[in-house]
Amino acid sequence: MTAVRKVAIAGSGVAGLAAAIQLAKAGVEVDVFESKPELSALGSGISLQGNALRVFDALGAWDDIRAAGYAFEGLNLRAPGPGAPIVAELPNVQAGGPNYPAHMGMPRADLARILLEHAERAGAKVHFGRKVTGVDTRANDAVELFVDDESAGVYDLLIGADGLNSTVRDLIGIDTKPQPTGMGIWRTFVSRPAEVESTELYYGGPVYIAGYTPTGEDSMYAFLVEKAEDRFGTPDDEATRIMLEESRAYDGPWNSIRADLEAGAHANYTWFTQHIVEAPWNRGRAVIIGDAAHSCPPTIAQGAAQGLEDAYVLTELLTSRDELDQQLWDDFHARRLPRAKAVVEASVQLGQWQIDGDRDADAGGLIFGIGRQMAEPA
Ligand SMILES: Cc1cc2nc3c(=O)[nH]c(=O)nc-3n(C[C@H](O)[C@H](O)[C@H](O)COP(=O)(O)OP(=O)(O)OC[C@H]3O[C@@H](n4cnc5c(N)ncnc54)[C@H](O)[C@@H]3O)c2cc1C
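Quick look at the structure, then. If you're wondering where the values come from, they're calculated on a predicted model, not measured in any experiment.

### Quick word on the sheet that holds strand β10 (residues 143–147)
Argument step 1. The sheet built from 3 strands is open, its strands ordered β9-β10-β11 with antiparallel pairing. On the outer flanks of this sheet lie β9 (132–136) and β11 (150–155), each paired with one strand and no other. Each strand of the sheet is rotated relative to its neighbour by a mean of 25°, with strand direction disregarded.

Below, the structure written as structure tokens:
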């Protein structure tokens, strides 16, 4: 028996699709409603820590993820200026325990495709171009869902995995919202020079952080983190030019990145945000997970990993119990809130140290502490 037999999920990001896979594999009827007309994965690449990889394994998707990504250990710090000397080689933080690589970079589009394939193969129905617009949570044991302003039926549970600007969060009356942290980021997807075999970060120079992460034999993403400005809607050629100009203080592999930018590599811009919804994340039979419930600057690259852990823990409880009762919600919150909160607080702290220019900050100690905490099962 499972605690639910029919579940609706809003959103086909990593959190929504991970929940869909585990529920459908347990024989639960799953409908995923995604407002976009097709699978899209904004950004470029993503860095997945060991605890994210451990969830993929539990979902049965690890072999496909491993084949599509670029696994690596360690993290290098380089200095701005001529020669880009390596100033520190930080040892591993195996956030998924010893059975998984410390890090894996991969193109976001590949991650989205693999999770969608696994969800559909498990039997989940994914409906694109369908926006969740309403929910009635008044019944004790069911929820009525409205999609594109029409009733889409009655479900045992609605999982709102609909991202930063979650509609479900608004609909169920949770008013905590993401707040800007004061940092903005330019990202581009480029070719990988052979010498780049792990994430490398440059602190200082004209931006807070310059860096890149390998995502495959031939690819990597590069980023520049700067003071947040209203740069949304910057035309494509201007965006590429800004990234090109701001990167000139960085040598080494940045020469190859600049060559790709000069050849027209696309650059995109966004802001970092932070928020954490206090317990409970549910109102009756509707619950939020992933970025709907928490967000953090990607200073330790744990955002998606936390959404995956939300999905994993929630669906593990739903598929191993007979009843969706208060005890299940209490257990869910006890397992998820402290971890998600620790990640948000550490990520924000790391960003703030950059903004403040605090040279005495123990960034390594903070990253190691979180890594060790995440290595414990979620
Ligand atoms: C610059 C940047 C870099 C990052 N780098 C990393 C990293 O390296 N590693 C890492 O782990 N994390 C990283 N993150 C965080 C990570 O990207 C997010 O935590 C993660 O993608 C969130 O997944 P999600 O499934 O919760 O939400 P999303 O991926 O946002 O998915 C939500 C989905 O819901 C859909 N939706 C919205 N409203 C509705 C509605 N009403 N009805 C139906 N569908 C709806 C949306 O279209 C979307 O497809 C980064 C974040 C940023 C901003």
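Back to the write-up after that little detour.
### What about the pattern of salt bridges?
Argument step 1. A full pass over the atoms with the stated rule returns 20 salt bridges.
Argument step 2. Glu117 is the salt-bridge partner of Arg113, the closest N and O atoms lying 3.6 Å from each other. Taken together, the positions of Arg113 and Glu117, both in helix α4 (residues 108–122) and 4 residues apart, correspond to about one turn of that helix.
Argument step 3. Take Glu117: its relative accessible area is 34%, and that puts it in the partly exposed class.
Argument step 4. The partner of Glu246 in a salt bridge is Arg231, with the nearest N and O atoms 3.2 Å apart. You can see Glu246 sitting in helix α6 (residues 236–246) and its partner Arg231 sitting in the loop between β16 (219–227) and α6, a full 15 residues away along the chain.
Argument step 5. Overlapping salt bridges, with partners in common, bring together Glu226, Glu229, Arg231 and Glu246 in one network.

### Considerations on the pairing of strand β1 (residues 6–10)
Argument step 1. Burial runs high along β1: 4 of the 5 residues are buried.
Argument step 2. Across 5 bridges, the pairing between β1 and strand β2 (residues 29–34) is parallel. The partner of Val7 across the bridge, within β2, is Val30.
Argument step 3. In this fold, the crossover linking β1 to β2 by way of helix α1 (residues 14–25) has right-handed handedness.
Argument step 4. Strand direction decides the pairing type here: β1 and strand β12 (residues 157–160), joined by 4 bridges, are parallel. Looking at β12, one finds that Ile9 is bridged to Ile159.

### Thoughts on the site of the ligand
Argument step 1. Close contacts around the ligand come from 32 residues, with Glu34, Ser47, Val132, Asp291 and Ala304 the closest.
Argument step 2. A distance of 3.5 Å separates a nitrogen atom of the ligand from a polar atom in the backbone of Phe33.
Argument step 3. Arg108 is positioned with one of its side-chain polar atoms (N or O) 3.0 Å from an oxygen atom of the ligand.
Argument step 4. Protein contact buries 84% of the 1000 Å² of open area that the ligand shows by itself.
Argument step 5. For the shell around the ligand, the secondary-structure elements that each account for two or more residues are α1, β2, β3 (45–49), β13 (179–191), β17 (267–276) and α8 (303–320).
Argument step 6. For the shell around the ligand, the class distribution of residues is 13 nonpolar, 11 polar and 8 charged.

### Some remarks on the sheet that holds β3
Argument step 1. Spatial strand order, β3-β7-β4: 3 strands in an open sheet with antiparallel pairing. Only two strands of the sheet have a single partner each, and these edge strands are β3 and β4 (70–72). Neighbouring strand axes in the sheet, compared pairwise and without regard to direction, differ in orientation by 25° on average.
Argument step 2. Pairing of β4 with strand β7 (residues 103–107), which is carried by 3 bridges, proceeds in the antiparallel orientation. Considered in β7, the bridge of Phe72 is made with His103.
Argument step 3. On top of the sheet, helix α2 (residues 50–59) reaches β3 and β7; it is set at about 85° to β3, its chief contact.
Argument step 4. Contacting β3 and β7, α4 runs over the sheet at an angle of about 90° to β7.

### Some thoughts on α6
Argument step 1. Where α6 is concerned, the buried positions are Ala239, Thr240, Ile242, Met243, Leu244 and Glu246.
Argument step 2. Check the buried side of α6 and you find it contacts β13, β16, α7 (254–262) and β17.

### A look at the environment of Asn165
Argument step 1. By secondary structure assignment, the location of Asn165 is in the loop between β12 and α5 (167–171).
Argument step 2. For Asn165, a relative accessible area of 68% puts it in the exposed group.
Argument step 3. Distance in space between the C-alpha atoms of Asn165 and Asp291 is 8.3 Å, their sequence separation being 126 residues.

### Looking at the pairing of β12
Argument step 1. Side-chain alternation along β12 places Leu157 and Ile159 on one buried face and Leu158 and Gly160 on a second face that is also buried.
Argument step 2. Bridging between β12 and strand β19 (residues 286–288) involves 3 bridges; their strand directions are parallel. When the sheet's bridge partners are listed, Ile159 is paired in β19 with Val287.

### Some details on unusual backbone geometry
Argument step 1. Along the chain, Ala279 connects to Pro280 via a cis peptide bond; the corresponding omega equals 0°.
Argument step 2. Counting through the fold element by element, Pro280 comes out in the loop between β17 and β18 (282–283).
Argument step 3. Positive phi outside glycine occurs at Asp148, with the angle close to 50°.
Argument step 4. You can see Asp148 is positioned in the loop between β10 and β11.
Argument step 5. Assessed through its relative accessible area of 37%, Asp148 is described here as partly exposed.

The rules we used
Every chain begins its residue count from 1, and numbering advances along the sequence as written. Totals for whole chains, interfaces and linings use every residue, but because this is a predicted model, local features are given only for residues with pLDDT of at least 70 and side-chain atom pairs only at 80 or more, for both listing and counting. Side-chain numbers come from the whole structure's heavy atoms, not from hydrogens or water. Here a strand pair is declared whenever DSSP counts at least two bridges between the two strands. Working definition: helices are DSSP H or I runs of at least four residues, strands are E runs of at least two. Numbering for both runs from the N terminus. Between N-to-C directions, angles cover 0 to 180 degrees, with each direction set by a line fitted to C-alpha atoms, over the stretch in contact for helices. Any carboxyl oxygen of Asp or Glu that lies within 4 Å of a side-chain nitrogen of Lys or Arg is treated as forming a salt bridge with it. When a residue's accessible area, from a 1.4 Å probe over protein chains only, is under 20% of the maximum for its type it is buried; when over 50% it is exposed; and in between it is partly exposed. A crossover counts as right-handed when, viewed with the strands pointing away from the observer, the path leading from the first strand over the helix to the second turns clockwise. For this purpose, a residue is taken to be near a molecule or strand whenever a single non-hydrogen atom of the residue falls within 4 Å of it. N or O atoms closer than or at 3.5 Å make up a polar contact, with two conditions inside protein: a donor-capable atom paired with an acceptor-capable one, and, for residues adjacent in sequence, both atoms drawn from side chains. The Shrake-Rupley method, run with a 1.4 Å probe, gives the accessible areas here. Residue values count only the displayed protein chains as cover. Residues are sorted three ways: Asp, Glu, Lys and Arg are charged, Ala, Val, Leu, Ile, Met, Phe, Trp, Tyr, Cys and Pro are nonpolar, and all the rest, Gly among them, are polar. The contact definition used throughout considers only heavy atoms, calling two residues in contact when any of these lie within 4.5 Å.

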